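Structural overview
The chain contents come next:
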Amino acid sequence: MDNPGLRRRPVQKRSIDRVERILDACARLLDEVGLDALTTSDVARRAGVPSGTIYQFFDGKAGILRELALRNLDLLLVRLRRRVAEEDGLTWPRAAELVLDETVEMRRTVPGYTVVDFADTRPGGPSFLPPGEAKEGGDVLAERLYHFALDEAGLPPLADPYRVMRLAIQATAAALHLAFAVSGEGDPAMIEHGRRLLRAYFADVAPTG
């Protein structure tokens, strides 16, 4: 899907490297100063590029955040591919656990991920991913995770899939918001409660035969 926050997609290696430096700088600054204090001039300074370079590639601060969220989503899928390859007899409840596990690990280790993990966690905050195309109102995260589950993980289709995926995503976000409000590493007990919630939910809604 096109990213409305990205003005143009870099093609040459030099431009690709420059965009990656900008995203890396943004991620590090998010951990240091937070979302509200982040400015494009600070990102440019940290990335070692002229301020005008930001606007050559991005639609300002929102565009950088959107591209960073999409990069985080791609990284999550790479990690899930590795985990799925190690699993025999994968089920929907187990797949949900894998998503939770990898999301927790990314929050702990990926710069900026706690702030830009696909959506601002503040009430009424903006989504950093572009809107989805599902008729049910699904978003990009729900769509890509669902198609990954079917096309790559070999899981059976769900009834009402995008509502199921969106609810699971929101429930996971709520559990992790509570877990990481307590500790930068995440409260293990709250993470385990989130795991139990996901296992029970998918055991109920997923096909059994």
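The structure under discussion appears in the preceding block.
A short tour of the structure in this document, coming up. From a predicted model like this one, the values you see are computed outputs, not experimental measurements.

In this section: the pattern of salt bridges. Proximity of charged atoms lets side chains of opposite charge pair with each other. Inspection of every chain in the model, using the stated rule, returns 19 salt bridges. One salt bridge connects Glu-152 with Arg-81, and the closest N-O pair in it is separated by 2.7 Å. On the criterion of sequence distance, the pair formed by Glu-152 in the loop between helix 6 (140–151) and helix 7 (161–182) and Arg-81 in helix 4 (residues 60–85) is long-range, its members being 71 residues apart. The exposure class assigned to Glu-152 is partly exposed, which follows from its relative accessible area of 43%. Arg-81 gets classed as partly exposed once you look at its relative accessible area, which sits at 37%. The salt bridge involving Glu-192 is made with Arg-199; its shortest N-O contact spans 3.8 Å. Given the relative accessible area of 32%, Glu-192 is considered partly exposed.

This part covers helix 1 (residues 13–33). Taking 1.5 Å of rise per residue, 21 residues should cover 30 Å, and helix 1 covers 30 Å from first to last C-alpha, within 8% of that figure. Taken as a whole, helix 1 has its buried residues at Ser-15, Val-19, Ile-22, Leu-23, Ala-25, Cys-26, Ala-27, Leu-29 and Leu-30. Structurally, helix 1 contributes buried residues whose contacts are with helix 2 (40–47), helix 3 (51–57) and helix 4. Backbone geometry just downstream of helix 1 places Gly-34 in the positive-phi region, at approximately 90 degrees.

Moving on: the environment of Ser-51. Inspection of the secondary structure puts Ser-51 in helix 3. Separated by ten residues in the primary sequence, Ser-51 and Ser-41 have C-alpha atoms spaced 5.7 Å apart. Each residue touching Ser-51, except ones within four places of it in the same chain, is listed here: Ser-41 and Ala-44.

Cut-offs used in this document
- Sequence order sets the numbering: in each chain, residues are counted from 1 along the sequence as written.
- Local features are withheld for residues below a pLDDT of 70 in this predicted model, meaning they are given only at 70 or higher, and side-chain atom pairs are given and counted only at 80 or more; totals for whole chains, interfaces and linings count all residues.
- Side-chain descriptors were evaluated using all non-hydrogen atoms of the structure, hydrogens and water having been removed beforehand.
- We define a salt bridge as a side-chain nitrogen of Lys or Arg found within 4 Å of a carboxyl oxygen belonging to Asp or Glu.
- The numbering of helices and of strands both runs from the N terminus, where a helix is a DSSP run of H or I of at least 4 residues and a strand a run of E of at least 2.
- Exposure classes here rest on a 1.4 Å probe applied to the protein chains alone. A residue is buried below 20% of its type maximum, exposed above 50%, and partly exposed in between.
- By definition here, a helix of n residues has an expected span of 1.5 Å times n minus one.
- Contacts are assigned to residue pairs with any non-hydrogen atoms lying within 4.5 Å of each other.

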